[in-house]
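# Structure at a glance
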Amino acid sequence: MSGPGGFRIYRPDSYGPFAYYAYLPFAAIFPSAPAEVATLLPAVCFDALTLAGLRTLGQRLGGRPLAQAFMFAYLLYPFPDLSLIAETNDGLVAALCVWAVVAAQRPVTRGLLLAAAALTKFLPALIALQFLGVRRGRWRYALTLAVSLGAMLAWPLITSGPVAFLDSTFGYQLIKRGAGVQFSIWTYLPHAALVARPLLAAAVLLALSPAVRPEMPDARQQAALAAALLIGAQLLLGYWFYSYLTWFYPLLVIAIIRARPEQEAAGASAHSAASPGAELTAEPVLR
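Residues numbered from 1 in each chain as written. Predicted model: local features only at pLDDT ≥ 70, side-chain atom pairs only at ≥ 80, totals over all residues. Heavy atoms only, no water.

### Description of the overall build of the protein
- The number of helices and strands found in the protein is 14 helices and zero strands.
- Secondary structure of the protein in N-to-C order comes out as α-α-α-α-α-α-α-α-α-α-α-α-α-α.
- By residue count, 44% of the 287 residues in the protein fall in the buried class.
- Of the roughly 14,600 Å² of accessible surface on the protein, 71% is carried by carbon and sulfur atoms. (Helix = DSSP H or I, 4+ residues; strand = E, 2+ residues; numbered from the N terminus. Buried < 20%, exposed > 50% of the residue type's maximum accessible area, 1.4 Å probe, protein only. Areas by Shrake-Rupley, 256 points an atom, 1.4 Å probe, with all protein chains shown as cover.)

### Digging into the pattern of salt bridges
- In the structure shown here, the tally under the stated rule is one salt bridge.
- Measuring nitrogen to oxygen at the nearest pair gives 2.9 Å for the salt bridge that ties aspartate 90 to lysine 121. With aspartate 90 in helix 5 (residues 90-102) and lysine 121 in helix 6 (residues 107-121), this pair connects stretches of sequence that are 31 residues apart. Accessibility classification places aspartate 90 together with lysine 121 in one group, the buried group. (Salt bridge = Lys/Arg side-chain N within 4 Å of Asp/Glu carboxyl O.)

### Concerning the packing of aromatic side chains
- If you walk through the whole model with that rule in mind, you get 10 aromatic pairs.
- Note on phenylalanine 79 and tyrosine 242: the rings are 6.3 Å apart at their centroids and 45° apart in plane angle, and the pair reads as tilted. Taken as a pair, phenylalanine 79 in helix 4 (residues 78-86) and tyrosine 242 in the loop between helix 12 (219-236) and helix 13 (245-256) lie far apart in primary sequence, 163 residues in all.
- By relative accessible area, phenylalanine 79 is classed as partly exposed at 24%.
- Since its relative accessible area comes to 25%, tyrosine 242 is described here as partly exposed.
- Among the aromatic residues, those joined into a cluster by ring pairs are Tyr74, Tyr77, Phe79, Phe241, Tyr242 and Tyr249. (Phe/Tyr/Trp six-rings, centres within 6.5 Å; stacked < 30°, edge-to-face > 60°.)

### Comments concerning the nonpolar core
- Residues Phe18, Leu114, Ile127 and Leu251 are the most contacted members of the largest nonpolar core, which totals 59 residues.
- Mapped by element, the contributors of at least two residues to this core are helix 3 (35-76), helix 5, helix 6, helix 7 (125-130), helix 8 (138-160), helix 11 (190-208), helix 12 and helix 13.
- Counting residues per element, this core draws most heavily on helix 3, at nine residues.
- When neighbours within four sequence positions are excluded, leucine 251 is seen to be in contact with Cys97, Val98, Val101, Ile127, Ala223, Ala226, Ala227 and Leu230. (Core = buried A, V, L, I, M, F, W, Y, C linked by side-chain atoms within 4.5 Å. Contact = heavy atoms within 4.5 Å.)

### Details of the packing of helix 12 against helix 13
- As a packed pair, helix 12 and helix 13 sit with axes 8 Å apart at the nearest point and diverge in direction by 150°. As far as their axial angle goes, helix 13 and helix 12 are roughly antiparallel. Every pair of crossing elements has a handedness; the one defined by helix 12 and helix 13 is left-handed. Taking contact as the criterion, the partners of Ala219, Arg220, Ala223, Ala224, Ala226, Ala227, Leu230, Ile231 and Gln234 in helix 12 are, on helix 13, Leu245, Trp247, Phe248, Leu251, Leu252, Ile254 and Ala255.
- Broken down by class, the residue content of the contact of helix 12 with helix 13 amounts to 14 nonpolar, one polar and one charged. (Axes fitted to C-alpha atoms, helices over the stretch in contact; angles between N-to-C directions. Parallel < 35°, antiparallel > 145°, perpendicular 65-115°, else oblique. Left-handed = near helix turned anticlockwise from the far one by under 90°. Nonpolar A, V, L, I, M, F, W, Y, C, P; charged D, E, K, R; others polar.)

### As for the side chain of aspartate 90
- A residue is classified by how much of its surface remains accessible, and aspartate 90, at 2% relative accessible area, is buried.
- Beyond its immediate chain neighbours, meaning those up to four positions away, aspartate 90 contacts Lys121, Ser243, Tyr244, Thr246 and Trp247.

### What about the side chain of threonine 120?
- Along the chain, threonine 120 falls in helix 6.
- Threonine 120 sits in the buried class, given a relative accessible area of 0%.
- With residues up to four places along the chain from it excluded, the contact list for threonine 120 reads Tyr15, Gly16, Phe18, Ala19, Leu92, Val93 and Leu96.

### What to know about the confidence of the model for the protein
- On average, the protein scores 80 in pLDDT, and the residues at 70 or more come to 80%.
- In the model of the protein, helix 14 (residues 261-274) stands out as the element of lowest mean pLDDT, 56, in contrast to helix 5, which has the highest, 94.
- Of the regions scoring below 50 in pLDDT, residues 1-10 engages in eight contacts with residues more than four places distant in sequence or in other chains.
- Ignoring residues within four places in sequence, the model shows residues 276-287, a span with pLDDT below 50, making 23 contacts including any to other chains. (pLDDT = per-residue confidence, 0-100.)

Below, the structure is given as structure tokens:
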């Protein structure tokens with residue numbers, strides 16, 4: 001298939017449908033933009049959304065200093081910049097996952113965000129399953145997730161048919177390309193992969209089970225588990241690219257960086273005043 005400028009496009013539809021829906025506003029506003037602008041501008045906006053989510057959650061957990069620390073840690077990390085230079089859509093996954101953690105106490109919003117994330121690059125579906133373990137608003141979350149997934153899948157399923165859609169997306173990404181050993185740690189360990197990958201898959205599935213982990217109402221704990229699931233799932237992939245680090249890095253920032261106790265208390269008090277029903281915790285600083 002020929003694309004703009006005579007470039008050859010081999011797999012124009014291999015991502016989830018939301019990866020394309022997210023570009024529709026930009027295509028509507030800038031219908032005749034050059035290819036470089038058409039991909040760079042959305043990538044910048046995805047990064048800005050990620051930073052906004054980190055700022056919002058940082059402000060909630062520890063006030064302005066923690067919000068600034070979250071943003072600085074993200075900007076300091078080189079791989080989001082490399083993804084931005086490459087003009088990829090991986091920043092969209094990061095933004096959706098961060099905002100899902102921000103909306104941890106809003107089941108409907110969280111369901112919509114994680115449906116979008118799951119139908120962008122598929123692996124965030126693990127995070128969607130993770131949040132089924134949150135008891136508060138579980139049925140509203142599950143219903144929103146199911147309805148959102150159905151709505152986003154309706155158009156490609158109707159226009160191309162279920163078989164063609166699954167073969168071009170899930171089949172291509174997870175089986176035809178993902179089952180190989182290109183660009184991953186298994187490239188040089190193909191024999192070890194035969195044993196290690198099934199064990200890793202079992203560990204990822206075990207981490208999703210509520211039977212082996214307690215209830216995790218805290219945003220940092222949810223972010224840590226989400227990052228662990230994405231890391232474990234990426235280790236399973238045969239095809240891997242450095243821009244995938246952008247998916248889980250902001251979640252690690254949320255889980256690891258903490259404010260001083262007095263700053264967390266101040267942030268909690270400020271957020272409680274603005275949002276009385278929100279859940280907040282003050283945890284010790286790791287030194």
